[in-house]
Amino acid sequence: FEYFCDKNILSLMVDIVQAKPNTGSQSQYSGVVWTALVKAQVLQTISILISNVSDPTSLYYLLSNNYINDIVASVIPLQQWSDDALDEILPVYISFLKTLALQLAKSPNLFQFYCDKHGSSSTLPPFPLFYAAIEVASSPLNVVRADKF
């Protein structure tokens, strides 16, 4: 975990999930298009990390810097995804949201990490986890079904 923190791997994972194809933006990985399958694997890896961290300091690191809120907000709106991509990423994304919600229910003192820290200057909603859950639950897309909740 120390190597993970020292090399700032979480930031790399955030960049992978946030990468949008054909945006023309200059990023550290210019020209790389990450597939929905890769993004789903990154979400699953972060979910496992958050679930299995027992040290409060390590958990604070994972939840700090608004990284988790950035990841939560990067998958929505769901309309940006093709049907095939949604089939890959949506079940993992819902599981990721559940992991975050369960972590918050277990430790309410972590609420500060689930709120957008940049305030009105940010493009994120004030409480991205709640916003994402509503977006997924109210989606008219056929791939969102009650059995995934």
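Quick note: structure is the one above.
Residues numbered from 1 in each chain as written. Predicted model: local features only at pLDDT ≥ 70, side-chain atom pairs only at ≥ 80, totals over all residues. Heavy atoms only, no water.

Novice: Before we move on, could you go through the nonpolar core and cite the residues and values that matter?
Specialist: By size, the foremost hydrophobic cluster in this structure holds 42 residues, and its most contacted members are Leu-43, Ile-46, Ile-50, Tyr-93 and Phe-96. Residue assignment for this core shows that the elements contributing at least two residues are α2 (9-18), α3 (36-52), α4 (56-63), α5 (67-75), α6 (83-106) and α7 (128-137). (Core = buried A, V, L, I, M, F, W, Y, C linked by side-chain atoms within 4.5 Å. Buried < 20%, exposed > 50% of the residue type's maximum accessible area, 1.4 Å probe, protein only. Helix = DSSP H or I, 4+ residues; strand = E, 2+ residues; numbered from the N terminus.)

Novice: Summarise the packing of α5 against α6; cite the residues concerned and give the values.
Specialist: It is the contact of α5 with α6, at a shortest axis distance of 11 Å, that shows an interaxial angle of 145 degrees. As for how α5 packs across α6, the hand of that crossing is left-handed. Packed against α5, whose contacting residues are Ile-68, Ile-71, Val-72 and Val-75, the element α6 presents Tyr-93, Phe-96, Leu-97 and Leu-100 at the interface. Of the residues assigned to the contact of α5 with α6, the class counts are eight nonpolar, no polar and no charged. (Axes fitted to C-alpha atoms, helices over the stretch in contact; angles between N-to-C directions. Left-handed = near helix turned anticlockwise from the far one by under 90°. Contact = heavy atoms within 4.5 Å. Nonpolar A, V, L, I, M, F, W, Y, C, P; charged D, E, K, R; others polar.)

Novice: Tell me about the side chain of Thr-99, and please be specific about residues and values.
Specialist: With respect to the helices and strands, Thr-99 occurs in helix α6. Residue classification places Thr-99 among the buried residues on the basis of a relative accessible area of 12%. A distance of 2.8 Å separates a polar atom in the side chain of Thr-99 from a polar atom in the side chain of Ser-47. (Polar contact = N/O pair within 3.5 Å; in protein donor to acceptor, adjacent residues only side chain to side chain.)

Novice: Describe the packing of α2 against α5, and please don't skip the residues or the numbers.
Specialist: Running from N to C, α2 and α5 point in directions that differ by 15 degrees, and their axes come no closer than 9 Å. One way to sum up the angle between α2 and α5 is to call them roughly parallel. For the element pair α2 and α5, the recorded crossing hand is left-handed. Only Tyr-67, Asp-70, Ile-71, Ser-74 and Val-75 of α5 make contact with α2, whose side of the interface consists of Leu-10, Ser-11, Val-14, Val-17 and Gln-18. Each residue belonging to the contact of α2 with α5 can be placed in one class, and the counts come to six nonpolar, three polar and one charged. (Parallel < 35°, antiparallel > 145°, perpendicular 65-115°, else oblique.)

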